[in-house]
Amino acid sequence: MTTLTQSTTWKALQAHTSQLPHMRELFAQNPQRFDQMSVKACGLFLDYSKNRINNDTLELLFALAKEANLTDKIAAMFNGDVINNTEHRAVLHTALRSKAEQEIIAEGTNIVPEVQQTLAKMAGFVESVQSGQWKGYTGKAITDVVSIGIGGSFLGPKIVSQALRPYWHAGLNCHFVANVDATSICEKLKGLNAETTLFVMSSKSFGTQETLTNTLSAKDWFLAQGATQQDIAKHFVAVTSNVAKATEFGMDANNIFPMWDWVGGRYSLWSAIGLPIALLVGMDNFKALLDGAHQMDEHFANTPLPQNMPVIMAMLSVLYGNFHGSQSHVILTYDHYLRGLPAYFQQLDMESNGKSVTLNGTDVDYSTGPVIWGGEGTNGQHAYHQLLHQGTALIPADFIMPLQSHNPLGEHHDQLASNCFGQTQALMQGRTFEEALAELSNSKLDEQQKALIAKHKVMSGNKPSNTLLMDKLTPTTLGALIALYEHRTFVQGAIWQINSFDQWGVELGKQLGNDVLERIGADKDATELDSSSNALVNLYRQGKL
Ligand SMILES: O=P(O)(O)OC[C@H]1O[C@H](O)[C@H](O)[C@@H](O)[C@@H]1O
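Model, not experiment: these values are computed from the prediction.

Q: I'd like to hear about the side chain of Ser-352, residue by residue, with values.
A: In this structure, Ser-352 sits in helix 16 (residues 341-353). Given a relative accessible area of 0%, Ser-352 falls into the buried group. Non-local contacts of Ser-352, meaning those with residues more than four positions away in its chain, are made with Arg-266, Tyr-267, Gln-347, Thr-489, Asn-499 and Ser-500.

Below you can see the structure in the form of structure tokens.
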């Protein structure tokens, strides 16, 4: 047993949660519920009143946070303490969006000047590409950027670029390649002109198989179009913390944008890994994105726990995962531009909190990170929302919606908003048997059939959701929104006493993948693996069934 599950507060929460009435009743009991259970910060508004909570629940949750020394842990992260204990690294993505005059020390050095220098280098490059001063090998301006990276070096730039589509510079397009499946790069390169294409290779380690292979194929394609080795410097740039390896690979030293060990891959879009974003939306908008995130950092670092938006959201997730047996959490974005956000938060949260041992190596005896998934509203309402409403699993939901659309058109946005709010309402209140029966009062069915159908129409309700609103989706509000989820993830990790910043689980697959690759390339059938893996490798070597 860990000290966490043995704590009085943990036990009190177990006892308390089983006694709480249905949310319908909680709303009926307290007309102030919405006012008391909503909070505004950094251009975001969070309504968390549709949760299985009352004031006592919140008190217990914040007590748990206090007992986990959350405030000290937050300070330790911002101070650059080596909180990633298995990789001996500080965790300072917050420094990437700090103010130029701040001083943030990592391993004895103030890192803010390096951050600022890199931003300045990005600004110069972005300006020269956007203005057309940067010329390709035949003297033409760049029209297309191909961003090559995977994991944190892919999803952040891709999803943020997608979200900020209304801010794109006219005349520049961007294509993202991650998968080692050649189809990805081949499809992207079709129709592109080598003379006007710029490749941005992003790899923190500069050692990731997919990214290296895709970059080599991009280089081959580029040379096959008539360009020469000397032309590469005009068309290939790299972002990496391994400058030596990038130079060795053939990248021009002037075209390498640095990042650092103290930035985790899934927290790196704020660094030069965000270069494709900056190329598309310009440096002012990129800085506005950083500023939104910085505002959320300030809120997170300085706001008492009960009013602290990331802390509230994290503790609600702890409530469902640890006290209601919830294994999954859904992100529902009611905004087409934010359709990629669930995938981004999935990587952020699942790679961070998919852990089973505490920082000191003890096995956990409680659930840690849930499965994160989701999609855009209203599409999901015609598909998986069925399970949210009537399935057997309890899946807390976050509904995210801007109040104003970038594309105001007729009644579209009113309909979108009414669906969003209607869903949260339906999840919360459900439908009783009596209500379902009453709805059938005018039908021609006999009493027995009515009772059967009514039974199928019953929705238990009491399904939790948060609603997150913003005026409009802008670089600033998007920055705040992403930082909100980063900190939410951090807080959960802090409660669970796990390391949210390493990812050893993905390493074994990579290692074994390399081993299998050797066997695929060998001149005899594989015999040394388990029977399934041997047979699969051998089938692959045959190339047909
Ligand atoms: O940026 P790179 O070093 O190429 O790493 C790319 C990605 O690969 C790894 O497998 C990690 O799981 C990710 O966190 C990382 O973002």
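Q: Help me get a handle on the pairing of strand 7 (residues 197-202), residues and values and all.
A: Judged by how many residues are buried, strand 7 sits mostly within the fold: 6 of 6 residues are covered. Neither face of strand 7 is exposed, since Thr-197, Phe-199 and Met-201 on one face and Leu-198, Val-200 and Ser-202 on the opposite face are all buried. Alignment of strand 5 (residues 144-148) against strand 7, held across 5 bridges, turns out to be parallel. By the bridge assignment for strand 7, Val-146 is matched with Phe-199. Pairing between strand 7 and strand 8 (residues 236-240): 4 bridges, direction parallel. Residue Met-201 lies in a different strand from strand 8, and its bridge partner there is Ala-238.

Q: I'd like a description of the site of the ligand, backed by residues and values.
A: Around the ligand sit 13 residues in total, of which Ser-153, Ser-203, Ser-205, Thr-208 and Glu-351 are the nearest. In this structure, an oxygen atom belonging to the ligand sits 2.7 Å away from a main-chain N or O atom of Lys-204. Residue Lys-510 places a side-chain N or O atom 3.0 Å away from an oxygen atom belonging to the ligand. Put simply, the ligand lies in the largest pocket. Among the residues forming the shell around the ligand, the class breakdown is 2 nonpolar, 8 polar and 3 charged.

About the cut-offs
- Residues numbered from 1 in each chain as written.
- Predicted model: local features only at pLDDT ≥ 70, side-chain atom pairs only at ≥ 80, totals over all residues.
- Heavy atoms only, no water.
- Helix = DSSP H or I, 4+ residues; strand = E, 2+ residues; numbered from the N terminus.
- Buried < 20%, exposed > 50% of the residue type's maximum accessible area, 1.4 Å probe, protein only.
- Contact = heavy atoms within 4.5 Å.
- Pairing = 2+ DSSP bridges.
- Near = heavy atom within 4 Å.
- Polar contact = N/O pair within 3.5 Å; in protein donor to acceptor, adjacent residues only side chain to side chain.
- 1 Å grid on protein atoms, 1.4 Å probe; cavity = no way out; pocket = protein on both sides within 12 Å on 5 of 7 lines; lining within 4 Å.
- Sits in = over half its atoms within 2 Å of the grid points.
- Nonpolar A, V, L, I, M, F, W, Y, C, P; charged D, E, K, R; others polar.

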